[in-house]
Amino acid sequence: MGVVIAHGDVSRALTQGLFIQCLAHVNSSTAPCRGCHLNSLGKITAKARQMEKEAKELFRSYLTHQGLLTSELRQLCDEAIQWFPTENIRDQPKIVMLQELYRTLVHMNDALENIRKQQQVLSTPGAALHGKLESTQWAVKGLLSNTVCTLCLEGVLPNSRRTPERPAATNTFQQKIDGCKVLGNYSKFLKKLARGSGKKAPQALRDQRKRRKGTKRKEGSSRS
Amino acid sequence: MDHFVLQTILLYTTLCFSTYQGQVPETQEFLPTFLKVSRNLPLQRLLVEWDVSDLAHQFELEMVFDIQVSQTEEMNVVWTEYYNTTLNKLNKTLHWSWDSELPLECMSHSVRIRSMVNDERFSKLWSRWSQWETVLGLDTSDDYTPYIFPEDKVVEEGSNVTFCCIGGKDSRILNFLFNYTDYYYPDSNTSQRNMVITMNKVLHAETPGIPAFCNISGKGSKNYSATHLFVGKPPPEPKDLYCDTRNMTTVTCTWNPGEDTYLYGPYSTKYHLFERFSQKPLCYPETETYLEPIRCSWAIGQQMIYNLTLTAQNPLGERSAYFVLDVAHRVHPFPPSDLSVEDMKATEVSLYWSMQPKHKAIKLLCQIENRHPSGQVELHNSSVVQSNSYPHLTLGGLQPFTNYAFRMRCGAASHFWKWSEWSKTIRVRTNEAAPSGKLDVWREVTPVLGGWNVTLFWKPFPDFRANSGGISFEITWEKLEKASEPEHISISASQNSTTISIDNHSYKISMAARNNITSSLPSVIIISRATDNGAEEEVDHTDLEEERVNGTVDGIYISWKATNAFHGYIVDWCNFPRSQHCDFQWKRFDFNTSSCLINSAAFMPGVRYSFRVYGSLANEDFFLGKKVGYTKELAPRLNPQGEITEMTSHTVTITWDSYPINESQPGFIRGYHVYVKTMEEECSLKGSTKHALSDGTVLCKYTIENPEEKRYMVKHLMPETTYALAVKAYTGGGETPIDAYIHVDTLHDSKIYLPVLLVMVHFVLISAVCFWKIKWMKDCCCPEIPNPNKSKALSCNGLKLNSEAVMKLSDCIPDTVVLENTSEANTLQLWSHGTILESESKVINPSWVYFVQNEEGDLMCTQSAPEACTSFENLAYSSQTALGSSLYQNLWMSEKSEPQLSILSYQPQHYIEIPSKDTVTSLREITEREGSLRYISQMEVPRSEVKLSNLPHSTEPLEHSSYKIQTVLGSELVTSTSDEDNHSKNSSTSSNSTVLLLLGRH
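Just so you know, the residues in each chain are numbered from 1, in the order the chain's sequence is written. Naming scheme: in the order in which they are written, chains are lettered from A and ligands are numbered from 1. With pLDDT at 70 or above as the cut-off, local features in this predicted model cover only qualifying residues; side-chain atom pairs require 80 or more to be listed or tallied, and sums for whole chains, interfaces and linings still use all residues. As a rule here, side-chain values come from all non-hydrogen atoms in the structure, and water together with hydrogens is ignored.

## Overview of the overall build of chain B
Helix numbering and strand numbering both begin at the N terminus, where a helix is a DSSP run of H or I of at least 4 residues and a strand a DSSP run of E of at least 2. A tally of helices and strands in chain B yields 14 helices and 56 strands. Partly exposed residues are those whose accessible area sits between 20% and 50% of the maximum for their type, while under 20% is buried and over 50% is exposed, using a 1.4 Å probe and protein chains only. Burial analysis of chain B (1002 residues in total) assigns 44% to the buried set. Expressed as a percentage of contacts within chain B between residues at least 6 apart in sequence, the contacts between residues at least 24 apart total 67%. Note on areas: Shrake-Rupley with a 1.4 Å probe; residue coverage comes only from the protein chains shown. Counting only carbon and sulfur atoms, one obtains 52% of the accessible surface of chain B, whose full area is about 53,000 Å². Contact between two residues is taken to exist if any of their heavy atoms lie within 4.5 Å; hydrogens are not considered.

## Regarding the overall build of chain A
Secondary structure assignment for chain A yields 7 helices and 0 strands. Sequence-ordered secondary structure for chain A, helices as α and strands as β, is α-α-α-α-α-α-α. Here chain A holds 224 residues, and 49% of them are scored as buried.

## Considering the interface of chain B and chain A
Tallying the contact residues gives 23 residues for chain B and 19 residues for chain A. A quick way to say it: buried area is the sum, across both parts, of accessible area lost when two parts are put together, with a 1.4 Å probe. Summed over both partners, the interface of chain B with chain A buries about 1,800 Å², with 61% contributed by carbon and sulfur atoms. Only one rule defines a salt bridge in this text: a Lys or Arg side-chain nitrogen within 4 Å of an Asp or Glu carboxyl oxygen. On the surface where chain B and chain A come into contact, there are 0 salt bridges. The term polar contact refers here to a pair of N or O atoms within 3.5 Å; inside protein, the definition further demands a hydrogen-donor-capable atom paired with an acceptor-capable atom, and it admits residues adjacent in sequence only when both atoms are side-chain atoms. Across the contact surface, chain B and chain A share 10 residue pairs in polar contact (both at pLDDT 80 or more).

## A word on the confidence of the model for chain A
Taken residue by residue, chain A gives an average pLDDT of 76. The fraction at 70 or more is 69%. Note: pLDDT gives the predictor's confidence per residue, expressed from 0 to 100. For the stretch residues 215–224 of chain A, pLDDT sits under 50, and the model shows 0 contacts to residues farther than four places along the chain or on other chains.

## Looking at helix α4 (residues 94–122) of chain A
Every helix has an expected span of 1.5 Å times one less than the residues it contains. For α4 of chain A, built from 29 residues, the straight-helix expectation of 42 Å at 1.5 Å per residue is met to within 8% by its first-to-last C-alpha distance of 40 Å. Of all 29 residues in α4 of chain A, 21 are buried; the element is thus mostly enclosed.

## Comments concerning helix α2 (residues 40–65) of chain A
Owing to its 3.6 residues per turn, the α-helix aligns residues three or four sequence positions apart on the same side. The end-to-end C-alpha separation of α2 of chain A is 35 Å, in line with the 38 Å expected for 26 residues at 1.5 Å each. Phi turns positive one or two residues past the end of α2 of chain A, at G67 of chain A, with a value near 65°.

## Brief notes about the packing of aromatic side chains
Residues and elements named next belong to chain B. Stacked, tilted and edge-to-face are the three classes assigned to paired rings of Phe, Tyr and Trp, where Trp is represented by its six-membered ring and a pair needs centres within 6.5 Å; plane angles under 30 degrees give stacked, over 60 edge-to-face, the rest tilted. According to the stated counting rule, one finds 37 aromatic pairs over all chains in the structure shown. Both rings, one in Y630 and one in F668, keep their centres 4.9 Å apart while their planes meet at 85°; by these two values the pair is edge-to-face. You can see Y630 sitting in the loop between β44 (620–629) and β45 (643–647) and its partner F668 sitting in the loop between β46 (652–655) and β47 (671–677), a full 38 residues away along the chain. For the pair Y630 and F668, one class covers both residues: buried. Within the aromatic cluster, the residues linked to one another by ring pairs are W560, F566, Y569, F589 and F622. Think of it as a cone above the ring: NZ of Lys or CZ of Arg counts as a charge over the ring if it is within 6 Å of the ring centre and within 35 degrees of the ring normal. Here the guanidinium or amino end of R112 rests over the ring plane of W129, the centre of that ring lying 4.2 Å away. A cation sits over an aromatic face here: R443 above Y614, 5.1 Å from the ring centre.

## Quick word on the pairing of strand β11 (residues 172–178) of chain B
All names here are of chain B. Within β11, 5 of the 7 residues are buried, which leaves the element mostly enclosed by the surrounding structure. Sheet topology note: the β11/strand β14 (residues 210–217) ladder contains 6 bridges and is antiparallel. Bridging from a neighbouring strand, N175 pairs with N215 of β14. The sheet contact formed by β11 and strand β12 (residues 182–184) spans 3 bridges and is antiparallel. Bridging across to β12, F176 finds its partner in Y184. Strands were regarded as paired on the criterion that DSSP finds at least two bridges between them.

## So, the packing of α4 of chain A against helix α6 (residues 172–195) of chain A
Residue and element names in this part refer to chain A. At a minimum axis distance of 10 Å, the contact between α4 and α6 shows a crossing angle of 145°. Once α4 is placed against α6, the crossing between them reads as left-handed. In this structure, α4 contributes L101, T104, M108, A111, L112, I115, Q118, V121 and L122 to the contact, and α6 contributes T172, Q175, K176, G179, V182, L183, Y186, F189 and L193. When residues are grouped by polarity, Ala, Val, Leu, Ile, Met, Phe, Trp, Tyr, Cys and Pro land in nonpolar, Asp, Glu, Lys and Arg in charged, and all others, Gly among them, in polar. For the contact of α4 with α6, the residue count by class is 12 nonpolar, 5 polar and 1 charged. Orientation is described by axes fitted as lines to C-alpha atoms, over the contacting stretch for helices, and by angles from 0 to 180 degrees between their N-to-C directions. Handedness of a crossing is defined here by the sense of rotation of the near helix relative to the far one, left-handed for an anticlockwise turn of less than a right angle and right-handed for a clockwise turn.

## Regarding the pairing of strand β40 (residues 568–574) of chain B
All names here are of chain B. With 7 of 7 residues buried, β40 lies mostly within the body of the structure. With 6 bridges connecting them, β40 and strand β43 (residues 609–617) associate as antiparallel partners. Bridge pairing in β43 links V571 to V613. With 7 bridges joining them, β40 and strand β41 (residues 584–590) adopt antiparallel strand pairing. Looking at the pairing, V571 lines up with K587 of β41.

## Considerations on a nonpolar patch on the surface
Like-charged residues are merged into a patch within 9 Å and nonpolar side chains (Val, Leu, Ile, Met, Phe, Trp, Tyr) within 5 Å, provided each residue has over 30% relative accessible area and no salt bridge. Taken together, the side chains of F277, I305 and V324 of chain B present a nonpolar region at the surface, about 310 Å² in accessible area. Tracing the sequence through the fold places V324 of chain B in strand β22 (residues 317–326).

## Topic: the nonpolar core
One finds M108 and L183 of chain A to be the most contacted residues of the largest nonpolar core, which totals 51 residues. Sorting the residues of this core by element identifies α2, α4, α5 (128–154) and α6 of chain A together with β15 (224–232) of chain B as the ones contributing at least two each. Once residues lying within four places of it in the same chain are set aside, the contact partners of M108 of chain A are W83, F84, V140, V182, L183 and Y186 of chain A. Listed in part, the 24 residues of the second largest apolar core include F65, V111, I113 and V135 of chain B. Throughout, nonpolar core names a set of buried Ala, Val, Leu, Ile, Met, Phe, Trp, Tyr and Cys residues whose side chains join them through atoms within 4.5 Å.

## Structural notes on the packing of α2 of chain A against α6 of chain A
All names here are of chain A. α6 packs onto α2 with a crossing angle of 155° between their chain directions and a minimal axis gap of 8 Å. One element, α2, and the other, α6, form an angle in the roughly antiparallel class. The two elements α2 and α6 cross, and the hand of that crossing is left-handed. Grouping the amino acids of the contact of α2 with α6 by side-chain chemistry returns 13 nonpolar, 4 polar and 6 charged. Convention used here: angles under 35 degrees read as roughly parallel, angles over 145 as roughly antiparallel, angles from 65 to 115 as roughly perpendicular, and any remaining angle as oblique.

Set out below in structure tokens:
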């Protein structure tokens, strides 16, 4: 399973530290990255499928809780967020895809942290939305960990580009809309990620499918 | 004063100088100069600065400034205020501010001022207005960015809030949406780029932050502007504030935030605790929710007394609470630890524990809680102990072999403030000891061949204690009269009854409980020999009469006659009398108790409980009586199975012999109700009462109050009628509804049809015979030679009439004899008293002989008219000749219900059926009295000249009584007969009729 990462920037530092540790292991010996599952890409896919539902529910819950269901307000959430990939990253080469995934998840973790802060004033303390946001943030951290592991196993250093500075503090309504945009884009992003390539399967997934088929054949032959 | 004069001179000098300069003194004005307007946007405040000439300052004039504030570019004055001030030589610049309800960004604000010297030395004239000084609103900018104001404003619930939406350049406001659902549209008169709207008395929303949203159309990239309005309350006063120390090292203050302010996050209530002696803030606790208490702690140090101020603050205001804390009076110790038990005994334990603080000893008072297995709780206080010592406490008065739970808590001995929390609970069991108290033993004696089976039951008396784990029961019994070897058995603790067998001697039975240590004191009961009173009751007490007792939902009340002869009383019963294991129970009462209310959770309505009462005297018990009762009687579940055992045309007898009335019934059977349903709507049966069913049906109801009586005859029924009968038993609980009936049809009344049948049968038979043998009859009965002795009828039938059957004229001593020839002197008489007789009368004498009554009342035979008297005639003929038409008429009237009879032409049958009882009775009497009398006049003869007694008459025995009935009949007698008479006399006629009917059938 993935490694639990600490909050915010600390988490980023930790993931990079973990990666360095992984590389050290890879370089120093033939042993894989410590703590990383060999089939990390499969884990990513499975995790993305699970998170897709959660993201959809979180977005719906956010719209409801924040009173954004009216048509005027709801349409404000449809705007695209710049740091989400415009295309399906599953169509990219494996390494590029992993780098894009890593970059997006780092942004998302940061955005969720921000949304949770905003909700301190926009929600009552016991609101269910707090729990869902926290749960989603833990899921993002888990997926981030798996991504780091996969990159580690590929021997690639994660893209260390820093998160762009967030625009100056706007009013709380704008923060609410920004949060809505983030969650809407996040939901769409995971939908693409979970459903796989729109054009052709990445090499890794193709390899994975081949392995699965091979296993099934073996099982079939052993039964026969 | 001098100073004032000097000033005045100086002022006039200045004014003269000014006049010299070309100005008119009375028009002297101090025009506001250097007017400057700015905004403090966080406060939404307009700041105004201006000045007047130095001269005014030098003279420190008292001045009035008229200040006008206008909004929009059209200079709509929204505020006017007179600002009074006395000028000062040092501060030349004048300041004034104005708080705007409308956000200052929303539109341009302009200010102008004029002045007036408020001094008697000057004429009070206003100066000219200064120029308008304007700060521009965002609605004038060339920016394409839309705005909304105020942004994220926090307001108190119930206040009014003014919003303005500002569109970008060349934009227009489409609408304004507040709180998700409330839409507002701009007035057509106002600028479409700017919309101002005031929301009155705003309320907090369920989700913090009420959105205010403007829809804008224009060139800008953003076509909306939106903000939140946070509606809440000022902080309430903190509640339940208290401070204490647990270890004399730190002090902690705790309070509750109070009611919700509806403001969260950065707008939530902030607290700070300030100490005024040291002038230091102690802490700034964070609040998570308004529901959780807030804590603030600090180290005590050397300071023991604190003067504290607790302030609660949020954007809408603040509240403060002040209090003085003496730490020594607020000691709340930690709970004792290491609680343990040493020196365990059967009735005593010693408890040890430790306390805090160790480093700074304080005096503590501790409390030990002792919880018994029954749940009872005892509290014991220790003496005052030092917190750094290791005290102990010995608790006595405990029960042996009993589980106890101990825990303890401590508080400051001096200036007690609060108990500590309870320590951890320790559970101990005291050591074993000998059983204490005695067993409550009772018995049930059953006779068997050669002795008794004694079933012993036992339970602990309230004061009995086993005081050990391994307990058993020891039973010993021995004969009372003569020394014998005692018998002994041991019973395990799980049992509470056993049966022993004894012979017919008296026995003493002892029972004791034994544990690992020793035995308890024995309980003794004596079973007396069979001849004794005490045992005798065991034999036949079931046959004694049971006394019924009343029960209620609270139990069954039992009473007995208390005497001084007994030391106490015992009542026993079974909780489940219908079960094989009846759950035998008993209860003891003292000698002066004569009644009790027995109750049990097992008691059920509809179950008969039997209670036996015993008097107890020196271990011996005497049966006093048996009581039976129900907590509540129910209606019988089973209905009597009624059977129709007898039935006539007017009665029906129903029986239900097999119906039980014993304890199987859910109540005491008090009697029965017999219900009869007739075809009529109303109950009309004599002796019954009406009983209406829920469906409106009315039944006849008969009540049998004796439960032993299981037979009832329903009378006064109608013949040939269908009835429905039902029998219901009833108890104190009533009876169940009728669910089934026995349908029965009463028999027909044969008396009604018997005369008709008789007439018809006779008629048919006689007619048949007559027609069949008419010639023979004619030959036999009417021979050509009128000599009766030669009649074939008399010879061929075998019927021999003796000589007395023919009246001889020589036997009659007539005073007048008329001889008359008749061709119809032969008669045949067939009927007499239900027996078919075939006889032949020979009437030789054609004349009529009259029996008449003389003046003395004696009958006399006299000669009369032929229709007046006959004493010997063939009725077959006489009916036609003598009775005449009147007989037909009367008969028809009497039998008019049977019209077919009216056509009958042969009448002797009526002679048989119709006679009145009186008549018959009198005739019999006469017959009996005068046994030899055979021929009786049918009619009264008014003129009798010959005494009957004097007449020669036959003295033969009554062998031909069949003639009597025929002869007593006369036309008058028949005429007086009615239907009622027929009914009332059926006893005398029915038997005859029956015989006739039977014969006729043959």
